[in-house]
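# Secondary and tertiary structure notes
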Amino acid sequence: MTRFFLILRVAFRAIARNKLRSALTCLGIIIGVGAVIAMVAIGEGASSMVRSQIASLGDNVINIFPGSDYRGGRMMGGGTNSSLTEGDVEALATQLPYLTAVSPVVNTSGQVIFGNQNWSTQVVGVGVDYLTIRRWAVVKGANFNPSAVRSVAKVALIGQTIADQLFQGEDPVGQVIRIKKMPFTVVGVLDKKGMNTWGRDQDDVIIVPYTTAMKRMSGQTYLSMIMASATSAAALPQASEAATELLRTRHRIPPGGTDDFSIRTQADIQNVMGSTAGVMRVLLAVIASVSLVVGGIGIMNIMLVSVTERTREIGVRMAVGAKGWHVLLQFLAESTVLASLGGVLGILLGLLTAELVSRFARWPVLVSPQSVVVAFCFAAAIGIFFGFWPARKASQLDPIEALRYE
Amino acid sequence: MQEIERRDGRPPVVLGIRDLVKVYGRGEGEVTALRGVSFDVQRGEFVAIMGSSGSGKSTLMNLIGCLDRPTRGTYLLDGEDVSLWGRDQLAEVRSRRIGFVFQSFNLLPRTSALENVELPLLYRATPAGESGGPSIAEQARQALVRVGLGERVKHHPSQLSGGQQQRVAIARALVNQPSLLLADEPTGNLDSRTSIEIMRLFQELNAGGMTIILITHEVDISEYARRVITLRDGRILSDHPIAAPRDAAAELARAPEPE
Ligand SMILES: Nc1ncnc2c1ncn2[C@@H]1O[C@H](COP(=O)(O)OP(=O)(O)OP(=O)(O)O)[C@@H](O)[C@H]1O
Ligand SMILES: [Mg+2]
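Please read these numbers as outputs of a predicted model, since none were measured by experiment. (Residues numbered from 1 in each chain as written. Chains lettered and ligands numbered in written order. Predicted model: local features only at pLDDT ≥ 70, side-chain atom pairs only at ≥ 80, totals over all residues. Heavy atoms only, no water.)

Bringing the overall build of chain B into the picture now. Along the backbone of chain B there are nine helices and ten strands. Over its C-alpha atoms chain B spans a radius of gyration of 18 Å, differing by no more than 12% from the 18 Å that the globule rule assigns to 259 residues. If you line up chain B on its principal axes, its C-alpha atoms span 50 × 45 × 45 Å. The proportion of buried residues among the 259 residues of chain B is 52%. Relative to all contacts within chain B whose residues are 6 or more apart in sequence, the contacts with residues 24 or more apart total 68%. Looking at chain B as shown, the accessible area adds up to about 12,100 Å², and 48% of this sits on carbon and sulfur atoms. Side-chain charges in chain B split into 31 positive and 33 negative, and the spacing between the mean points of these groups amounts to 2 Å. (Helix = DSSP H or I, 4+ residues; strand = E, 2+ residues; numbered from the N terminus. Rg over C-alpha atoms; globule rule 2.2 N^0.38 Å. Buried < 20%, exposed > 50% of the residue type's maximum accessible area, 1.4 Å probe, protein only. Contact = heavy atoms within 4.5 Å. Areas by Shrake-Rupley, 256 points an atom, 1.4 Å probe, with all protein chains shown as cover. Lys, Arg positive; Asp, Glu negative; His and termini not counted. Charge placed at Lys NZ, Arg CZ, Asp CG, Glu CD.)

On to the pairing of strand β11 (residues 225–230) of chain A, then. Taken residue by residue, a regular strand's side chains alternate between the two faces of the sheet. Residues and elements named next belong to chain A. Burial analysis of β11 places six of its six residues in the buried class, which makes it a mostly covered element. Taking every second residue as pointing to the same face, both faces of β11 are buried, with M225, M227 and S229 on one and I226, A228 and A230 on the other. Where strand β1 (residues 61–66) lies against β11, four bridges are found, and the strand directions are antiparallel. When the bridges of β11 are listed, I64 appears paired with I226. As judged from the six bridges shared by strand β4 (residues 99–114) and β11, these two strands associate in the antiparallel manner. Directly across from A101, in β11, lies its bridge partner S229. (Pairing = 2+ DSSP bridges.)

Moving on, we get to helix α2 (residues 19–57) of chain A. Residue and element names in this part refer to chain A. Helix length check: α2, at 39 residues, gives a terminal C-alpha distance of 55 Å against a target of 57 Å (1.5 Å per residue), a fit within 8%. The principal kink in α2, of about 40°, is found at C26. Phi turns positive one or two residues past the end of α2, at G58, with a value near 140°. (Expected span 1.5 Å × (residues − 1). Bend = angle between axes of the 7 residues up to and from the residue.)

Further remarks concern the domain arrangement of chain B. Residue and element names in this part refer to chain B. Per the domain assignment, the segments of chain B are domain 1 (1–97 + 183–254) and domain 2 (105–177). Taken over C-alpha atoms, the centre of domain 1 sits 23 Å from the centre of domain 2. Roughly 1,000 Å² is buried in total at the junction of domain 1 and domain 2, and carbon and sulfur atoms are behind 61% of that figure. For the domain 1 face of the interface with domain 2, the top three residues by lost area are S95, N189 and L201, together amounting to 39%. (Domains from an automatic or database assignment. Buried area = accessible area lost by both parts, 1.4 Å probe.)

So, about the coordination of the magnesium ion (ligand 2). Residues and elements named next belong to chain B. For the magnesium ion (ligand 2), the full set of protein donor atoms is S58 (OG) and Q103 (OE1), and the range of their distances to it is 1.9 to 2.3 Å. With S58 in helix α2 (residues 57–64) and Q103 in the loop between β6 (98–101) and α4 (113–122), the pair connects residues that are 45 residues apart, well separated along the chain. Among the residues examined, S58 registers a relative accessible area of 24% and is labelled partly exposed. (Donors = N, O, S within 2.8 Å, 3.2 Å for Na, K, Ca; no water.)

The next subject is the packing of helix α10 (residues 311–319) of chain A against helix α11 (residues 324–360) of chain A. Residue and element names in this part refer to chain A. Contact geometry for α10 and α11: axes closest at 10 Å, N-to-C directions at 140°. What the angle tells us is that α10 and α11 run oblique. In the packing of α10 onto α11, the handedness of the crossing is right-handed. Residues E313, I314, R317 and M318 of α10 form the contact with α11, whose participating residues are V327, Q330 and F331. Of the residues contributing to the contact of α10 with α11, the split by class is four nonpolar, one polar and two charged. (Axes fitted to C-alpha atoms, helices over the stretch in contact; angles between N-to-C directions. Parallel < 35°, antiparallel > 145°, perpendicular 65-115°, else oblique. Left-handed = near helix turned anticlockwise from the far one by under 90°. Nonpolar A, V, L, I, M, F, W, Y, C, P; charged D, E, K, R; others polar.)

All right, on to the side chain of T121(A) then. Residues and elements named next belong to chain A. Tracing the chain through its elements places T121 in strand β5 (residues 117–126). For T121, the side chain forms a polar contact with the side chain of D204, separated by 2.8 Å. Beyond its immediate stretch of four places on either side in the chain, T121 contacts S109, G110, V112, I162, D204, V205 and I206. (Polar contact = N/O pair within 3.5 Å; in protein donor to acceptor, adjacent residues only side chain to side chain.)

Residues and elements named next belong to chain A. A full pass over the atoms with the stated rule returns 21 salt bridges over all chains. Notably, a salt bridge pairs R310 with E334, separated by 2.9 Å at the nearest N-O pair. One end of the pair, R310, is in the loop between α9 (266–309) and α10; the other, E334, is in helix α11, and 24 residues separate them in sequence. For R310, a relative accessible area of 14% puts it in the buried group. On the basis of relative accessibility, which here comes to 5%, the residue E334 falls in the buried class. (Salt bridge = Lys/Arg side-chain N within 4 Å of Asp/Glu carboxyl O.)

Following this line, the structure appears as structure tokens:
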């Protein structure tokens, strides 16, 4: 133990004696490790944000869009955008055992006014089960009831952003706001949900009964989409299949004909996001290994130069009794200490970069302690691996020839 | 003690050297530095090796010090054939039994005198300071004090005079308390008074039982030893005891300390 400490001390002194060179030697490792830490933090931050956003979609959600191909909220292909009706909702709710809740969704938008405050926002018409499906709580007041839907009532639930913009601390519940010049009574305030996957503020929204949205506001007779909740995550595929079956029958689509609607489940979205994250992880691993190998070669290079330069020193050490493995250990310790030092500095650099990214690019970062530990161990291993050959070379020198080396 | 041993029989042979030949290089550039050297050294001897430059003194010393291997011939160290040993065994012997003062010092540059003297302690089979004895630094400091450099422990070789560097080299050779001290011109760079001080140290060590082999150019330095071997062209020219060696301690006592 004492010997190990002594040899380590020799290695530290050699490194300290050549500070500039040591720093340059470490640079490759520093940058490599720093890049890995920062990128993992950025990647993890992004995927954790995506995870929470997917969770914020709701409870095992199934989205049914009109038209045959619907992506990212935009109609992509053929079909009609008026294929979904209230009847479909009714049928899905009553005939499919896989679904616990179904709600129509009617999207529209409009100007909202309260007092002298004025705000343009999205107005969504939904059924009473919508909040359950989206696992969205009402923090003040209460959800509207089925009779409000039936009676086309002018009641509204408002999102946090609207509450902040229009009411500024006042209690909105019971207040009357004007949406598209019509008076609506605010019956509740929704819990904060944050941004969705595409960066839109989900709290900048007003929710009204879908009947009200259709008859009083947009005038449309069809639904923008249908949202449903399956009994469990495992039931999502069957639910989606059964819904397809049911809607094809209801829409009288012949066998082989194209659907005039499309279904996306929460699982589909998760899969897409998951595979993106997987690709990113592989890419990251490749970049990391390339940069660390480059750093390792840098260390090997310098250690080889160092062994040649210090041939006489090696000769002296051997002459006074150092065995081959003492010299091997000394140079191995030196390269490992260098690489570990590079690892530590790289971790600091990575953390700093992650911090700067989160502060200035407003990107969520998540430093995983695992990545820090792995990066450090990897750097140390690089030091051992790439330091071994030079160290072995040093340990095999002939003492008398080493002493005579000019 | 030694006198009694001598009467009982000769003290054990430390070095047994037979027909030692050393050839450097190959073919055209071949140089034969030693052409068959034979002699024995008993424990407790103090031998001076003399000879003109290039006569093979350092070559012989490197062989005795287990730093190099002979081309031919046998070298028995404490009765064991060194040619049968591996690298690590030779290193072990250098560490445990031999103190070597090089003609060219061979100190590590940009390293303090203290650290230079610590070196042999790092590679001992049981590292010094492990079993509760004085620490490595303390042992190294004591060795430096012994050669009169107690005030210069922090200095680097480049900050020391040639003579001081030589004394650091001597301290390094002594720090492991070897039984065999090999010194290649240890007084080459020293003024006569310092040379005599070093000889006093050597005579003290020799009186304590250490076997010493000393290379020197100077006849008056060789007279502090008890036997002189002279080399010429890689062969032994003469090998004879000195009847009345000079006594360094007495000489120093007579000559007053300079200001
Ligand atoms: N590594 C070597 N390669 C080739 N020849 C060498 C080598 N070392 C010594 N020699 C030669 O061997 C001979 C003896 O050298 P050595 O160093 O033993 O002499 P020396 O007696 O110590 O001389 P000095 O008193 O000048 O130190 C010389 O002719 C020298 O040139
Ligand atoms: Mg010589």
